[in-house]
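# Topology and contacts: notes
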Amino acid sequence: MLDFPTRQIRAIKNLLLKQQKEVEQNIEEIEKDDPAKDKVLAESSEPGTDSYIADIHTKSLVILDSLKRISLSIRSALLKIRKGTYGKCERCSKQIEALRLWAMPTARYCLSCSKIKEKLSN
Ligand SMILES: [Zn+2]
């Protein structure tokens, strides 16, 4: 039985939509600023330039990877809101603590399950 209030779900949904917009804007900006996307720069024969570009490109990819992961978790939280299963722990099916959801709207597990998960992955 899920007892996360509808009014709070609506506020969380707005929060998630706002976060998703920000993350997508960040992804766009990083993709745009990636010097490896610019062929003229990438073909430059200036010494040291290539490794500099490769370095920035690698860093961009790492940031993009984590941003895309955040974007996916936001999308899956929004999907759960639509399905009416938002706030349900994916491990024990209990209600995730409201405070935890406010702190981390994309949380998939309740506090005790996330602790168990942490122990298992260590
Ligand atoms: Zn749980």
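Right above here is the structure, for reference.
Residues numbered from 1 in each chain as written. Predicted model: local features only at pLDDT ≥ 70, side-chain atom pairs only at ≥ 80, totals over all residues. Heavy atoms only, no water.

### Some details on the nonpolar core
Side chains of a nonpolar character, in soluble globular proteins, are inclined to be buried together. Among the nonpolar cores identified, the biggest contains 21 residues, and Phe 4, Ile 12, Leu 16, Ile 81, Tyr 86, Cys 89 and Leu 101 are the most heavily contacted of them. Taken together, the elements giving at least two residues each to this core come down to helix H1 (6–33) and helix H3 (49–83). Leave out the neighbours within four places in its chain, and Cys 89 touches Lys 94, Ile 96, Arg 108, Tyr 109, Cys 110 and Cys 113. (Core = buried A, V, L, I, M, F, W, Y, C linked by side-chain atoms within 4.5 Å. Buried < 20%, exposed > 50% of the residue type's maximum accessible area, 1.4 Å probe, protein only. Helix = DSSP H or I, 4+ residues; strand = E, 2+ residues; numbered from the N terminus. Contact = heavy atoms within 4.5 Å.)

### Re the coordination of the zinc ion
The protein atoms that coordinate the zinc ion are Cys 89 (SG), Cys 92 (SG), Cys 110 (SG) and Cys 113 (SG), at distances of 2.3 to 2.4 Å. Classification of the site at the zinc ion as tetrahedral follows from its four donor atoms and the range of 103 to 118 degrees in their angles at the metal. (Donors = N, O, S within 2.8 Å, 3.2 Å for Na, K, Ca; no water. Tetrahedral: all angles 85-135°; square planar, octahedral: opposite > 155°, others 65-115°.)

### Thoughts on the pattern of salt bridges
Side-chain pairs of opposite charge can arise whenever the charged atoms involved come near each other. Applying the stated rule across the entire model yields six salt bridges. A salt bridge links Glu 24 to Arg 75; the shortest N-O distance between them is 3.7 Å. Note that Glu 24 is positioned in helix H1 and Arg 75 in helix H3, a separation of 51 residues in sequence. For the salt bridge of Asp 55 with Lys 59, the shortest nitrogen-to-oxygen distance reads 3.3 Å. (Salt bridge = Lys/Arg side-chain N within 4 Å of Asp/Glu carboxyl O.)

### Focus on the environment of Gln 19
Following the sequence through the fold, Gln 19 ends up in helix H1. Residue classification places Gln 19 among the partly exposed residues on the basis of a relative accessible area of 29%. In sequence terms Gln 19 and Ser 71 are 52 residues apart; their C-alpha atoms lie 8.5 Å from each other.

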